[in-house]
Amino acid sequence: MKEPDYKLLAEALARQSQARRTARGGPRSRIVDAIMVLLLSKPMRASEIAEVLGVESKYVSSYLSYWKTRGYVDYDRGFWYLTPLGEDYAHDVIERMRRSLEDEYTRLARSILLSTESVMPTRKDKKNARRQASRAPPQSFIAGNTSKAGNEHLGGDRVNQVTCVLRLLRDKLNEEEFEVLSAILSHYARWGSTYLYADQLQEKLKADQRWLFSKLRSLQAKNLIYIYADPRLGVRVGLSRALRETMAYCE
């Protein structure tokens, strides 16, 4: 099997990250994926990684320092390299990209097939189609759990609640705020808990700490969450009273 071009894969991941960032946004988790994939090729300096990926060197250094504490990368005489754990992670990223590309081609193939086999619908069918089109699709973090068994496990009422809330708030949040709030609400949908800890959320999103707290403060300013520093257990992030009232409306 042909060896993948790790540099091209890393650059593709970095472009996806750049495209999803707002002007004030910090480094994103896809940058981590890009760094890990790039380091599969050889040990590199942080400045070299930054140059290849087109990001600021301080962001690369910040990520590498954090992931060193988690055991994914290590440092020796100016060069960063992957640990066995980091290598496994990088190979997982490549496999996810491969599956994602295959899924995209599958959807395209099905779309082509449907467009060639479609017939003129009856008036009744047109009305049904319009009604279906008017319904907003479920959010991506829930989409994989919409089977009957999945709803029983997650709590069908909570899933419906969260879907309703996210639809109401979608236009009031930028993409990154929406991503963070979705992660918090997915925790609620799965476990029924209205709070989680910042380190749990950081791990869930695989996000840079500084970026994450910037988004959390934005959500707090919009009165959607609260942030509480528990002296024993760390920083807790929970749903604000206003957001819980919105969820009650969605019941």
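Up top is the structure these notes are about.
Residues numbered from 1 in each chain as written. Predicted model: local features only at pLDDT ≥ 70, side-chain atom pairs only at ≥ 80, totals over all residues. Heavy atoms only, no water.

## Some words on the pattern of salt bridges
Operational definition: By definition here, a salt bridge exists when the distance from a side-chain nitrogen of Lys or Arg to a carboxyl oxygen of Asp or Glu is within 4 Å. Note on conventions: DSSP H or I runs of at least 4 residues are helices, E runs of at least 2 residues are strands, and numbering of each starts at the N terminus. Residue burial is assigned from relative accessible area. The probe radius is 1.4 Å, only protein chains are included, and a residue is buried under 20% of its type maximum, exposed over 50%, and partly exposed in between.
Considering all chains together, one arrives at six salt bridges under this definition. With its nearest N and O atoms 2.9 Å apart, the salt bridge here joins Glu203 to Arg70. Placement of Glu203 in helix H11 (residues 198-205) and of Arg70 in the loop between helix H4 (57-69) and strand S1 (73-76) is noted, with a sequence separation of 133 residues between them. Exposure remark for Glu203: the relative accessible area of 29% places this residue in the partly exposed category. Exposure remark for Arg70: the relative accessible area of 35% places this residue in the partly exposed category. Its salt-bridge partner being Lys215, residue Glu176 comes within 3.3 Å of it at the nearest N-O pair. One end of the pair, Glu176, is in helix H10 (residues 175-191); the other, Lys215, is in helix H12 (residues 209-221), and 39 residues separate them in sequence.

## With respect to the pairing of strand S5 (residues 234-239)
Where we set the bar: Strand pairing is assigned whenever DSSP detects at least two bridges linking the two strands.
Summarising the sheet, strand S3 (residues 195-197) and S5 pair through three bridges and their orientation is antiparallel. Pairing of Tyr197 across the sheet is with Arg236, part of S5. As paired elements, strand S4 (residues 225-230) and S5 share six bridges and run antiparallel to each other. Paired with Tyr226 across the bridge in S5 is Gly238. A loop of three residues connects S4 with S5, the two strands running antiparallel in sequence.

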